[in-house]
Amino acid sequence: GAGVSQSPSNKVTEKGKDVELRCDPISGHTALYWYRQRLGQGLEFLIYFQGNSAPDKSGLPSDRFSAERTGESVSTLTIQRTQQEDSAVYLCASSPQGGLTYEQYFGPGTRLTVT
Amino acid sequence: EDQVTQSPEALRLQEGESSSLNCSYTVSGLRGLFWYRQDPGKGPEFLFTLYSAGEEKEKERLKATLTKKESFLHITAPKPEDSATYLCAVQANNFNKFYFGSGTKLNVKP
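Residues numbered from 1 in each chain as written. Chains lettered and ligands numbered in written order. Predicted model: local features only at pLDDT ≥ 70, side-chain atom pairs only at ≥ 80, totals over all residues. Heavy atoms only, no water.

1. Regarding the overall build of chain B
Point 1. Across its full length, chain B holds 0 helices and 11 strands.
Point 2. Rg of the C-alpha trace for chain B: 13 Å, near the compact-globule value of 13 Å for 110 residues, within the 12% margin.
Point 3. Principal-axis analysis of the C-alpha atoms places the extent of chain B at approximately 45 × 30 × 20 Å.
Point 4. By residue count, 46% of the 110 residues in chain B fall in the buried class. (Helix = DSSP H or I, 4+ residues; strand = E, 2+ residues; numbered from the N terminus. Rg over C-alpha atoms; globule rule 2.2 N^0.38 Å. Buried < 20%, exposed > 50% of the residue type's maximum accessible area, 1.4 Å probe, protein only.)

2. Re the overall build of chain A
Point 1. Helix and strand content of chain A: 0 helices and 11 strands.
Point 2. Taken over C-alpha atoms, the radius of gyration comes to 13 Å for chain A, in line with the 13 Å a tight globule of 115 residues would show.
Point 3. If one aligns the C-alpha atoms of chain A with their principal axes, the spans along those axes are about 40 × 25 × 25 Å.
Point 4. In chain A, buried positions account for 50% of the 115 residues.
Point 5. Long-range contacts, defined as pairs at least 24 residues apart, comprise 54% of the intrachain contacts of chain A with a sequence gap of at least 6.
Point 6. For chain A, the exposed area adds up to about 5,300 Å²; of that, 44% sits on carbon and sulfur atoms.
Point 7. Side-chain charges in chain A split into 11 positive and 12 negative, and the spacing between the mean points of these groups amounts to 5 Å. (Contact = heavy atoms within 4.5 Å. Areas by Shrake-Rupley, 256 points an atom, 1.4 Å probe, with all protein chains shown as cover. Lys, Arg positive; Asp, Glu negative; His and termini not counted. Charge placed at Lys NZ, Arg CZ, Asp CG, Glu CD.)

3. Describing the confidence of the model for chain B
Point 1. Per-chain confidence: chain B averages 93 in pLDDT, with 97% of residues scoring 70 or above.
Point 2. Across chain B, strand E8 (residues 70–75) of chain B holds the top mean pLDDT of 98, while strand E10 (residues 98–100) of chain B sits lowest at 88. (pLDDT = per-residue confidence, 0-100.)

4. Comments concerning the sheet that holds strand E7 (residues 65–69) of chain A
Residue and element names in this part refer to chain A.
Point 1. Reading across the sheet, the 4 strands line up as E1-E3-E8-E7 and stay open at both edges, with antiparallel pairing between neighbours. Looking at which strands have only one partner, the edges of the open sheet turn out to be strand E1 (5–7) and E7. Within the sheet, the average angular offset between the axes of one strand and its neighbour, ignoring direction, is 15°.
Point 2. Pairing analysis gives 5 bridges linking E7 to strand E8 (residues 75–79), with the strands arranged antiparallel. What sits directly across from Ala67, in E8, is Leu77. (Pairing = 2+ DSSP bridges. Axes fitted to C-alpha atoms, helices over the stretch in contact; angles between N-to-C directions.)

5. Brief notes about the layout of surface pockets
Point 1. Roughly 740 Å³ of internal volume is contained in the largest pocket.
Point 2. Lining the largest pocket we find 33 residues, and of these Gln37(A), Leu39(A), Gly40(A), Gln38(B) and Pro40(B) sit closest to its centre.
Point 3. Among the elements of the structure, strand E9 (88–95) and strand E11 (110–114) of chain A together with strand E9 (84–92) and strand E11 (104–109) of chain B are those that each provide at least two residues to the lining of the largest pocket. (1 Å grid on protein atoms, 1.4 Å probe; cavity = no way out; pocket = protein on both sides within 12 Å on 5 of 7 lines; lining within 4 Å. Points joined across faces, edges and corners; volume = space filled by probe spheres on them.)

6. A look at the pairing of E8(A)
All names here are of chain A.
Point 1. The element E8 is extensively covered by neighbouring structure, given that 5 of its 5 residues are classed as buried.
Point 2. Judged by which residues are buried, E8 turns out to be covered on both faces: Ser75, Leu77 and Ile79 on one side and Thr76 and Thr78 on the other are all buried.
Point 3. In terms of strand pairing, strand E3 (residues 19–24) meets E8 through 5 bridges, oriented antiparallel. In the sheet register, Glu20 faces E8, and the bridge partner there is Thr78.
Point 4. The turn joining E7 and E8, which pair antiparallel and follow one another in sequence, is formed by 5 residues; a positive phi near 55° is taken by Gly71.

7. Things to note about the packing of aromatic side chains
Residue and element names in this part refer to chain A.
Point 1. Applying the stated criterion across every chain, the model contains 12 aromatic pairs over all chains.
Point 2. Look at Tyr33 and Tyr35: their rings are 6.3 Å apart centre to centre, the planes differ by 20°, and that puts the pair in the stacked class.
Point 3. Relative accessible area serves as the criterion here: at 0%, Tyr33 is assigned to the buried category.
Point 4. Geometrically, the ring pair formed by Tyr35 and Phe45 is edge-to-face, given 6.1 Å between the ring centres and 75° between the ring planes. (Phe/Tyr/Trp six-rings, centres within 6.5 Å; stacked < 30°, edge-to-face > 60°.)

8. Points about the environment of Gln3(B)
Residue and element names in this part refer to chain B.
Point 1. In this structure, Gln3 sits in strand E1 (residues 3–7).
Point 2. For Gln3, a relative accessible area of 42% gives the class partly exposed.
Point 3. When neighbours within four sequence positions are excluded, Gln3 is seen to be in contact with Ser24, Tyr25 and Thr26.

Okay, structure coming up:
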């Protein structure tokens, strides 16, 4: 079946512009996660959704970052007034049921470059 | 503070040369420890979940083990196609967060 998809695959934007990153999880997966991966580093947790609610937003680096999810489907991560330090790969993952130890299935990521 | 440390950062092996990757963790209540493989330009691919000390899991040339403080990913007789970055992650008792290590980049030469 279809895996997690993300769009766009690459995004180049100018400093100060807003960007929206999209994630389509695996159908039926109730949990959805966003991560940031800087070059050569591990994954940094950003936010977690259970259904369309976000019980844990503690990883969002600043109030320029926000995310929403429609039902148990698509999620968007929005970064306002982008800065150069926002340049990274943004990964989305979905899981059959959040809160339990179910493995996460990752999308290919969106590579964001802020010039 | 919850954290995950992986070593070595990079590992070069000859084909057939077995070795181990280490993941040490500090977490307030371990729900699960996960191993992922990540190829360049792709998202991580799930390999194993371990839940309690003493547990072991195997898949082809890979075997993962878990103690109360660390996990090992043993690679037996590796092949060039095993070359990738291997990531370790822990899920703490607060369920929602996963803490990832920075990975071990494995290069297996033919």
